[in-house]
Amino acid sequence: HTNLVPGLSAKAKVYRSLEQAFSKEWLRADSGSRHPKTGAALTNGQAIVRRGVKQHYAKVDEGIPPDNGVASYLAQGLAVATHNVGPARLRNLVRHLEGLCPILVVCAGQDQLVRYS
């Protein structure tokens, strides 16, 4: 998905961004949370967006720039692009780090960003 579609609403851009990290099914599932004023059930996607909005305005209230700078976006892009460690690379890391540093391998079979195959 891309956010560069002309005429895309701000809401659509937010949810398209979330789809890069989460499945549509999970985003649309009930979060177990309720809207504080209406009591309506919130999906996981809505709960994440509400949390992000709260963080944004908390930063504004504290005088902290709410938006990330270019360096933050570049760092995140680099992290996403390098989230792949193949079997040969992992064996090499084990050889070099054995006895020096423990290695924790965390896998997520439905992860949208980490390539696991």
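Definitions and limits used
Residues numbered from 1 in each chain as written. Predicted model: local features only at pLDDT ≥ 70, side-chain atom pairs only at ≥ 80, totals over all residues. Heavy atoms only, no water. Helix = DSSP H or I, 4+ residues; strand = E, 2+ residues; numbered from the N terminus. Buried < 20%, exposed > 50% of the residue type's maximum accessible area, 1.4 Å probe, protein only. Contact = heavy atoms within 4.5 Å. Areas by Shrake-Rupley, 256 points an atom, 1.4 Å probe, with all protein chains shown as cover. pLDDT = per-residue confidence, 0-100.

## Thoughts on the overall build of the protein chain
- When helices and strands are counted, the protein chain shows five helices and two strands.
- Starting at the N terminus and ending at the C terminus, the protein chain contains elements arranged as α-α-β-β-α-α-α.
- For the protein chain, the proportion of its 117 residues judged to be buried stands at 7%.
- Within the protein chain, contacts between residues at least 6 apart in sequence are counted, and of these 28% link residues at least 24 apart.
- On the protein chain, roughly 9500 Å² of surface is accessible, and the fraction owed to carbon and sulfur atoms is 58%.

## Some remarks on the side chain of asparagine 44
- Structurally, asparagine 44 is set in helix α3 (residues 44–61).
- Non-local contacts of asparagine 44, meaning those with residues more than four positions away in its chain, are made with Trp26, Leu27, Ala29, Asp30 and Ser31.

## Notes on the confidence of the model for the protein chain
- Residues at a pLDDT of 70 or more form 75% of the protein chain, whose mean pLDDT is 80.
- The lowest-confidence element of the protein chain is helix α4 (residues 70–81), averaging 68 in pLDDT; the highest-confidence one is strand β2 (residues 41–43), averaging 96.

## Some details on the environment of aspartate 67
- Summarising the element assignment, aspartate 67 is placed in the loop between α3 and α4.
- Between the C-alpha atoms of aspartate 67 and histidine 56, which are eleven residues apart in sequence, the distance is 8.0 Å.

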